Amino acid sequence: MPASLCGTWEMLSNINLEGYMIALGIGLSTRKIALKLKQRKVIEQVSDKYVIKTLSTFRNYVFSFRVDEEFDEFTKGLDETHCKSVVTWEGNRMVCIQKGEKKNRGWAHWIEDDKLHLELYCEGQTCKQVFKRVA
Ligand code: VLZ
């Protein structure tokens, strides 16, 4: 079993969020605010259901899913589009593919050196984030 992603995580680094947000079509005013945020990630698991919360002083984005089960994702407060999403395990990486308007969109979470890593990608842009555990 991969190391548990569950817990509360605080952002340490955030590379190319701007490129990722532009690829998503997020407008300038939201991007300016978003770039200054220190995001928190709260990941919870109850039986086979996961909840991932991306929290900030500006906006929160919360969704839940079961691994290997496609679900309808509405990216409320982000780019506000509908995706058919599916999350799977690839080795120690939790990988999501988000099928929708945007090509080559998804993300991957994994643990490395006790840190939570996240790669967010969309149409050739990749945002890389690292979080430290706070709870
Ligand atoms: O993380 O999707 O944990 O879907 C934009 C931030 C992109 C805008 C952040 C500011 C997307 C609003 C994070 C903060 C909520 C994301 C996935 C993997 C969960």
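Residues numbered from 1 in each chain as written. Predicted model: local features only at pLDDT ≥ 70, side-chain atom pairs only at ≥ 80, totals over all residues. Heavy atoms only, no water.

Caption draft 1: Fine view of the nonpolar core. F65, M94 and W107 are the most contacted members of the largest nonpolar core, which has 28 residues in total. Residue assignment for this core shows that the elements contributing at least two residues are strand 1 (7–15), helix 1 (17–24), strand 3 (49–55), strand 4 (61–66), strand 7 (93–99), strand 8 (106–112), strand 9 (115–122) and strand 10 (125–133). At five residues, the largest contribution of residues to this core is made by helix 1. Among all residues touching W107, those that are not within four sequence positions of it are I52, F63, V87, M94, V95, C96, Q98, L118, E119, L120 and Y121. (Core = buried A, V, L, I, M, F, W, Y, C linked by side-chain atoms within 4.5 Å. Buried < 20%, exposed > 50% of the residue type's maximum accessible area, 1.4 Å probe, protein only. Helix = DSSP H or I, 4+ residues; strand = E, 2+ residues; numbered from the N terminus. Contact = heavy atoms within 4.5 Å.)

Caption draft 2: Local environment of empty space enclosed by the protein. Evaluation of the coordinates by the stated rule reveals one cavity of 30 Å³ or more. The computed volume of the largest cavity comes to approximately 500 Å³. Residue lining of the largest cavity: 29 residues in total, with Y20, Q39, T54, Y61 and L78 positioned closest to the centre. Mapped onto the lining of the largest cavity, the elements with two or more residues apiece are helix 1, helix 2 (28–36), strand 3, strand 4, strand 8 and strand 9. Tallying contributions element by element places helix 1 first for the lining of the largest cavity, with four residues. Broken down by class, the residue content of the lining of the largest cavity amounts to 15 nonpolar, 10 polar and four charged. (1 Å grid on protein atoms, 1.4 Å probe; cavity = no way out; pocket = protein on both sides within 12 Å on 5 of 7 lines; lining within 4 Å. Points joined across faces, edges and corners; volume = space filled by probe spheres on them. Nonpolar A, V, L, I, M, F, W, Y, C, P; charged D, E, K, R; others polar.)

Caption draft 3: Structural detail: the site of the ligand. Around the ligand, 13 residues are found, and the nearest of them are K41, R59, Y61, F63 and H109. K41 has a polar side-chain atom sitting 2.7 Å from an oxygen atom of the ligand. Burial of the ligand by the surrounding chains reaches 99%, relative to a free accessible area of 520 Å². Taking a 2 Å distance to the grid points as the criterion, the majority of the atoms of the ligand fall inside the largest cavity. Residue assignment for the shell around the ligand shows that the elements contributing at least two residues are strand 3, strand 4, strand 8 and strand 9. (Near = heavy atom within 4 Å. Polar contact = N/O pair within 3.5 Å; in protein donor to acceptor, adjacent residues only side chain to side chain. Areas by Shrake-Rupley, 256 points an atom, 1.4 Å probe, with all protein chains shown as cover. Sits in = over half its atoms within 2 Å of the grid points.)

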